[in-house]
Amino acid sequence: MKKFLMAGLVSLALSAASFQTYAQDAALQRGAEKAKAICASCHEANGISKIPSFPKLAGQHQDYLREALLSYQRGSRKNVIMKGQAAALSKQDIDDLAAYYSHQPNGLSHE
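In this text the structure is predicted, and so the values were computed from the model without any measurement.

About the criteria used
Residues numbered from 1 in each chain as written. Predicted model: local features only at pLDDT ≥ 70, side-chain atom pairs only at ≥ 80, totals over all residues. Heavy atoms only, no water. Core = buried A, V, L, I, M, F, W, Y, C linked by side-chain atoms within 4.5 Å. Buried < 20%, exposed > 50% of the residue type's maximum accessible area, 1.4 Å probe, protein only. Helix = DSSP H or I, 4+ residues; strand = E, 2+ residues; numbered from the N terminus. Contact = heavy atoms within 4.5 Å. Salt bridge = Lys/Arg side-chain N within 4 Å of Asp/Glu carboxyl O.

Engineer: What exactly am I supposed to notice about the nonpolar core here?
Structural biologist: Most often, soluble globular proteins keep nonpolar side chains buried together rather than apart. Among the nonpolar cores identified, the biggest contains 15 residues, and Ala35, Leu65, Leu69, Leu89, Leu97, Tyr100 and Tyr101 are the most heavily contacted of them. Mapped onto this core, the elements with two or more residues apiece are helix 1 (2-43), helix 2 (62-74), helix 3 (80-87) and helix 4 (91-102). Ranked by residues supplied to this core, first place goes to helix 4 with 5 residues. Those residues in contact with alanine 35 that sit more than four places away from it in its chain are Ala40, Ala45, Leu97, Tyr100 and Tyr101.

And the structure:
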């Protein structure tokens, strides 16, 4: 009975981990599509802008990116362009973009 219960718990844990990986992969895919459609003109699709005045998003912490977008929406972070861009984003859009950009390589060499 213990072996059966233990096998069931292991199976449940593996299923949960698999679902979490699938959910994260889906968020990254949605984020990539939104990044190309919404953010790429200034920040590039990979989050590393060629224009120094546009911040690099690649490799930033997911919570930081989420909070920055929410702050632009609320108006507590001031930038006219970003306020307009963020205003149109849903919570899911923000979560997807934050997940996507946080998983992009930041372009820094660690040699």
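Once the structure has been displayed, the description carries forward.
Engineer: Please explain the pattern of salt bridges as it appears in this structure.
Structural biologist: Close approach of charged atoms allows side chains of opposite charge to pair. Applying the stated criterion to the full structure yields 8 salt bridges. One salt bridge in this structure joins aspartate 93 and lysine 34, with 2.9 Å as the shortest N-O distance. With aspartate 93 in helix 4 and lysine 34 in helix 1, this pair connects stretches of sequence that are 59 residues apart. Using a relative accessible area of 17% as the deciding quantity, one classes aspartate 93 as buried. The buried category is assigned to lysine 34, whose relative accessible area is 17%. Measuring nitrogen to oxygen at the nearest pair gives 2.8 Å for the salt bridge that ties arginine 66 to aspartate 95.

Taken by themselves, the reported measurements are silent on function.
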